[in-house]
Amino acid sequence: GAGVSQSPSNKVTEKGKDVELRCDPISGHTALYWYRQSLGQGLEFLIYFQGNSAPDKSGLPSDRFSAERTGGSVSTLTIQRTQQEDSAVYLCASSQDRAGTDTQYFGPGTRLTVL
Amino acid sequence: GDSVTQMEGPVTLSEEAFLTINCTYTATGYPSLFWYVQYPGEGLQLLLKATKADDKGSNKGFEATYRKETTSFHLEKGSVQVSDSAVYFCALSEVGAQKLVFGQGTRLTINP
């Protein structure tokens, strides 16, 4: 079956612009995660959605970052007023989330470059 | 907070050599432990996992044992291949906190 898909695969933007990154999780997976992979910070958790529960936003680095998940499926990560330090690969993952042991399946990522 | 520490890379070995990548963790509870691998040009994928003390995860000839007494989850393979060249990430997730906490990654290169 289809895996986690993300779009766009690459995004180049100018400092100060807003960007939207999209994630389509595996069908039937109730949990969805966003992570960021950057040279300086490694792989960091950003936000976690599970069903209709309030999302865990504890990893979002600033209030310029927000995410939503519509209809329990597709998610969009929005970065407002982008800064050069936002340049990174943004990874989305999904899982069945029956427990913390469930395997998270990762998408190919969106490489964001802020000029 | 929770953290994972991996051995510094990069690691370069010859084909058929024995591999160990060290991983230790700090956690308040009893986490699940994972090794993820990122092959060149590909996304992160789960290599193996262990959910409780003394469990051994294994896959593709790789093994790791959950050692609670030393808070470690070292990755081993008896005979590496060129196709094992990749970046390896150790990670944990606490019970009730589903997010993964990753180590910094170890780049492995296997020469023929």
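Further up the page is the structure itself.
What comes next concerns the included structure. (Residues numbered from 1 in each chain as written. Chains lettered and ligands numbered in written order. Predicted model: local features only at pLDDT ≥ 70, side-chain atom pairs only at ≥ 80, totals over all residues. Heavy atoms only, no water.)

## A word on the sheet that holds strand 9 (residues 75–77) of chain B
All names here are of chain B.
Here is step 1 of the chain: With respect to topology, four strands assemble into an open sheet ordered 3-9-8-7, the strand pairing being antiparallel. Looking along the sheet, the strands with just one partner apiece sit at the ends: strand 3 (19–21) and strand 7 (56–59). The sheet shows a mean angle of 20 degrees between the axes of neighbouring strands, direction not considered.
Here is step 2 of the chain: Pairing of strand 7 with strand 8 (residues 62–65) involves four bridges; the strand directions are antiparallel. For lysine 56, the partnering residue across the bridge sits in strand 8 and is threonine 65. (Pairing = 2+ DSSP bridges. Helix = DSSP H or I, 4+ residues; strand = E, 2+ residues; numbered from the N terminus. Axes fitted to C-alpha atoms, helices over the stretch in contact; angles between N-to-C directions.)

## Section: the sheet that holds strand 1 (residues 5–7) of chain A
Residues and elements named next belong to chain A.
Here is step 1 of the chain: Pairing in this open sheet of four strands is antiparallel, and the strands run 1-3-7-6 from one edge to the other. Of all the strands in the sheet, just strand 1 and strand 6 (65–69) have a single pairing partner and so form its edges. Sheet twist, expressed as the average angle between the axes of neighbouring strands with direction ignored, equals 15 degrees.
Here is step 2 of the chain: Sheet topology note: the strand 6/strand 7 (residues 75–79) ladder contains five bridges and is antiparallel. Bridge pairing in strand 7 places alanine 67 opposite leucine 77.

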